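Each chain is listed here by its residues.
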Amino acid sequence: MTDDSTPTDHRRQRYRYEYQHQHADENERRPAKTDGGQSTDRQSDSVLIDGEDAELDRGPLQRWVANSISNPGRAYRAMFYTATIFFLFTTLFPFYWLLMVALTPEGRQQDIILTPNGFNPGSFVEVFQVLPFYRYMFNSFVIATASTIVVLVIASLAGYAFGRLEFPGRVPLMLLVLVISFFPPAAFFIPLNDLFNTSFFVLEPITSDGTLYNTPGAMVLPLSAIFMPLAIFILTTFYSQIPDGLEDAARVEGTTRLGALFRVIIPLSAPGVATAGVLTFIAVYNEFFFSFLMTDGQPENWAPILEGILGYQGQYQVMYHLMAAASIIGVIPVAILVIVAQEKIVSGLTAGALKE
Amino acid sequence: MARVQLEHVTKRYEEVIAVDDISMEIEDGEFVTFVGPSGCGKSTTMETVAGLTKPTEGQVYIGEKDVTTLAPKDRGVAMVFQNIALFPHMNVFENISFGLRLRKYDDEEVSRRVEQAADIVQLEGMLDRMPDEMSGGQRQRVAIARAIVRNPDVFLMDEPLANLDAKLRVHMRTELQRLHRELGTTIIYVTHDQAEAMTMSNRIAVLNEGRLQQFAPPLECYNQPANRFVAGFIGSPSMNFIEGELTEAGFQSDNVDVELEPEQVPGVGVGDGVTLGVRPEDVHIVETADAISEQTARINVETDVIEPMGDEIFVYLLLSETAGHSMDQDPASAPDQLLMSVTPDTEIRAGTAVDVVLDRSNLHLFETATGDALRHSLTDRSEPDTGTAPTEADS
């Protein structure tokens, strides 16, 4: 600062000298001043110079505000941390509390706030002894996986058509898909339940009585349909961004259009496919309405995890600690999936797959 | 290896006609270039050969087979794309062998042929690299290797050099010619760069607005352009055009007159509008024009801008004193300007008056209304040779 001193700098130094002697106790401003020469610093200094009287009234908050105006990055950073902490708290605290409930021994569930009333990790084992909870988990896993596969295959074909082909009625059809996704699923329930309880001759070799009720089909079919539009929109966006030249090259090299979709377009859209797949899997795994009503709740009849958790609720007592433990166990597959898929998504993005 | 034949191929989009009734026959082993300004339909024409675009009307034959409705994979063609289009998720080996693996060749055969192809394009030792680890020229070679590894009947190249820098482009140009000599495959090459077209091809197909303008060897397109468009498109800098009228005395315009008998110009009569075309190298300063046996009358001009290129000097000549210096007009086509190319040892200064003559043996006459060529040499002894300019290659 001394090297390229201008008259302004000298004046500023003089003011600073006086200022520091008047406000010798305000040490925290001094480091900001000694680095000198910065335009932001100059600006904030001139504020001080102009309003030296007002400065005397300023509390820490007002100083922070004045600082933020000259240096908005601070404010953005503060907002970021506030939002992040709020989000993490609202997301993670229920899990913490669930864990506390699960660890509390039976019958002492009152007044759990931050610590469990006792310590009983045995409830995580008891879960499997009281009910065949693994069977419910297996059912849910099968239903979610099957739905995800159905959704990804069909939505890939739809996404290819919407994203890469020009045909009359493309936009109205996409709007129709969007409209279907806005329908309340409950509106479909009664006709679907009726349909799934109807006996069909062709199904008799597969299901004992020829109906879809009490089979995975009763959940995979409606849930796939409900979560299909979202996947179609995600995949349409990704597939439309693959350069035409790559598809043309694949076709000249010897694939059909469908072959080009599976050999070139889908591998290059891996992040989009992973996103659509993970979202569908989680949505189906978490689904309540159809999962609750399309089976009779027996694990051998493909009842999903939800029925398992509700199974710890008897006529006279509710085993809250087991419900909590089961809930935590039920979350684990999804958590693993997200962690694995996240790596996939990140690797897909950083590989520069779309660069050409 | 095969010949390629297009019969009345037309591609119509909703409002536009991209390709308008193109017919041509490409011989086995020939190197043919489609050239034209952007949007002239040259890429679309090639895509109908590749099978990526289905023609609205007309037939495409490869060899003796009608392939009009065949999928691209069943046509025996290979293509190199303008944006190279290597599969970014596969390494070089996988890229080159993609087509072979799809056709279920056994592993040994695949690696033998990939190595052979990589050898031809000098890519040894790079087979396990990923495309994004390679330079533009290397990627282009991978794309070419991917095309040649299948021994296609026809090679299609859609502006393969457009994305390369100038030096690499010249280098790849010679490599492609060497490749053509080694493989002897029929090659169809699309470019908007007339220099590429002139240097590489056996025959050039000049296209404009979806129509085939001329299909002839490069020098024939240069020396005997079928019409005014071809004359202006082939050659750099492009031909000067002077619009005028055919009179009893010959060609007359505001500033340039050329004596000739009206009967020497077939197809038009006295009073019809004709355009005189002269290439910059056929404009000569009077003092240095002794070697030219048949000259036109002297034309008094003023030199305007001088562009020394090293091997030659481009001189912009103002034909009349009222000649404008408008910036928004292509100087070569400005009515009152003439572009002259002289040898670098010529002493010439801007803003001086000089006399120039035109070489009669290399003057071209076009019908102003249609743009069709009428005559390519205005010497007395030469026969009118308009008929030899082959506008229709399918004849």
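Please read all numbers here as calculations on a predicted model, not as lab measurements.

1. As for the overall build of chain A
No. 1: When helices and strands are counted, chain A shows 17 helices and 0 strands.
No. 2: Taken over 356 residues, chain A has a buried fraction of 37%.
No. 3: Contacts in chain A between residues at least 24 apart in sequence constitute 65% of all its contacts with a sequence separation of at least 6.
No. 4: For chain A, the computed accessible surface area is about 20200 Å², with 67% contributed by carbon and sulfur atoms.

2. As for the environment of D28 of chain B
Residue and element names in this part refer to chain B.
No. 1: Here D28 is to be found in the loop between β2 (17-26) and β3 (31-35).
No. 2: Assessed through its relative accessible area of 45%, D28 is described here as partly exposed.
No. 3: Counting along the chain gives 24 residues from D28 to V4, while the straight-line C-alpha distance between them is 7.5 Å.

3. Things to note about the sheet that holds strand β16 (residues 299-308) of chain B
All names here are of chain B.
No. 1: Taken in spatial order, the 5 strands make up an open sheet running β15-β19-β16-β17-β18, and their pairing is antiparallel. Each edge of the open sheet is held by one strand with a lone partner, namely β15 (283-285) and β18 (337-342). Between one strand axis and the next, the sheet turns by 50° as a mean value, whatever way the strands run.
No. 2: Two elements, β16 and strand β19 (residues 353-358), share 4 bridges in a ladder whose sense is antiparallel. Counterpart to E302 in the pairing with β19 is A353.

4. Overview of unusual backbone geometry
All names here are of chain B.
No. 1: Cis peptide bonds are those with omega within 30 degrees of zero, and the linkage from S236 to P237 qualifies with -5°.
No. 2: Looking at the secondary structure, you find P237 in the loop between α8 (228-233) and β11 (240-247).
No. 3: A positive phi angle, close to 55°, is found at A85, a residue other than glycine.
No. 4: For A85, the location among the structural elements is in the loop between β6 (77-80) and α2 (92-102).
No. 5: Its identity is not glycine, yet K104 carries a phi of approximately 60°, on the positive side.
No. 6: Residue placement: K104 occurs in the loop between α2 and α3 (107-120).
No. 7: Its relative accessible area of 69% is what places K104 among the exposed residues.

5. Concerning the sheet that holds strand β12 (residues 250-252) of chain B
Residues and elements named next belong to chain B.
No. 1: Judged by pairing direction, the sheet is antiparallel, and its 6 strands sit side by side in the order β13-β12-β11-β14-β20-β21 without closing on themselves. Strands at the two margins of the open sheet, each flanked by one partner only, are β13 (257-259) and β21 (373-375). The average angle at which neighbouring strand axes cross in this sheet is 35°, direction not considered.
No. 2: Here strand β14 (residues 273-278) runs beside strand β20 (residues 363-367); their pairing, made up of 5 bridges, is antiparallel. Directly across from G277, in β20, lies its bridge partner H364.

6. Here we look at the pairing of β18 of chain B
Along any regular strand the residues' side chains alternate between the sheet's two faces.
All names here are of chain B.
No. 1: Among the 6 residues of β18, 6 are classified as buried, and the element is accordingly described as predominantly covered.
No. 2: Both faces of β18 are covered, namely the face carrying Q337, L339 and S341 and the face carrying L338, M340 and V342.
No. 3: Of the strand pairs in this sheet, strand β17 (residues 313-318) and β18 are connected by 6 bridges, and their pairing is antiparallel. Within the sheet, the bridge partner assigned to L318 lies in β18 and is Q337.

7. Here we look at the UniProt feature "transmembrane region" (unreviewed entry) in chain A
Residues and elements named next belong to chain A.
No. 1: Annotation from UniProt places "transmembrane region" (unreviewed entry) at residues 78-99, 136-161, 173-192, 219-239, 260-285 and 318-340.
No. 2: Segment residues 219-239 splits into 100% helix and 0% strand. End C-alpha atoms: 28 Å apart.
No. 3: Helix makes up 91% of residues 318-340 and strand 0%, with an end-to-end C-alpha separation of 35 Å.

8. What about the confidence of the model for chain A?
All names here are of chain A.
No. 1: Looking at chain A, pLDDT values average 81 and 80% of them are 70 or higher.
No. 2: The weakest mean pLDDT in chain A belongs to helix α2 (residues 30-34) at 45; the strongest belongs to helix α8 (residues 133-164) at 95.
No. 3: A low-confidence stretch, residues 1-9 stays under pLDDT 50, and its non-local contacts, those more than four residues away or across chains, total 10 contacts.
No. 4: Note on residues 350-356: pLDDT is under 50 here. Beyond four places in sequence and across chains, it has 12 contacts.

Rules and cut-offs
Residues numbered from 1 in each chain as written. Chains lettered and ligands numbered in written order. Predicted model: local features only at pLDDT ≥ 70, side-chain atom pairs only at ≥ 80, totals over all residues. Heavy atoms only, no water. Helix = DSSP H or I, 4+ residues; strand = E, 2+ residues; numbered from the N terminus. Buried < 20%, exposed > 50% of the residue type's maximum accessible area, 1.4 Å probe, protein only. Contact = heavy atoms within 4.5 Å. Areas by Shrake-Rupley, 256 points an atom, 1.4 Å probe, with all protein chains shown as cover. Pairing = 2+ DSSP bridges. Axes fitted to C-alpha atoms, helices over the stretch in contact; angles between N-to-C directions. UniProt positions renumbered as here; feature names shortened; annotations may be inferred. pLDDT = per-residue confidence, 0-100.

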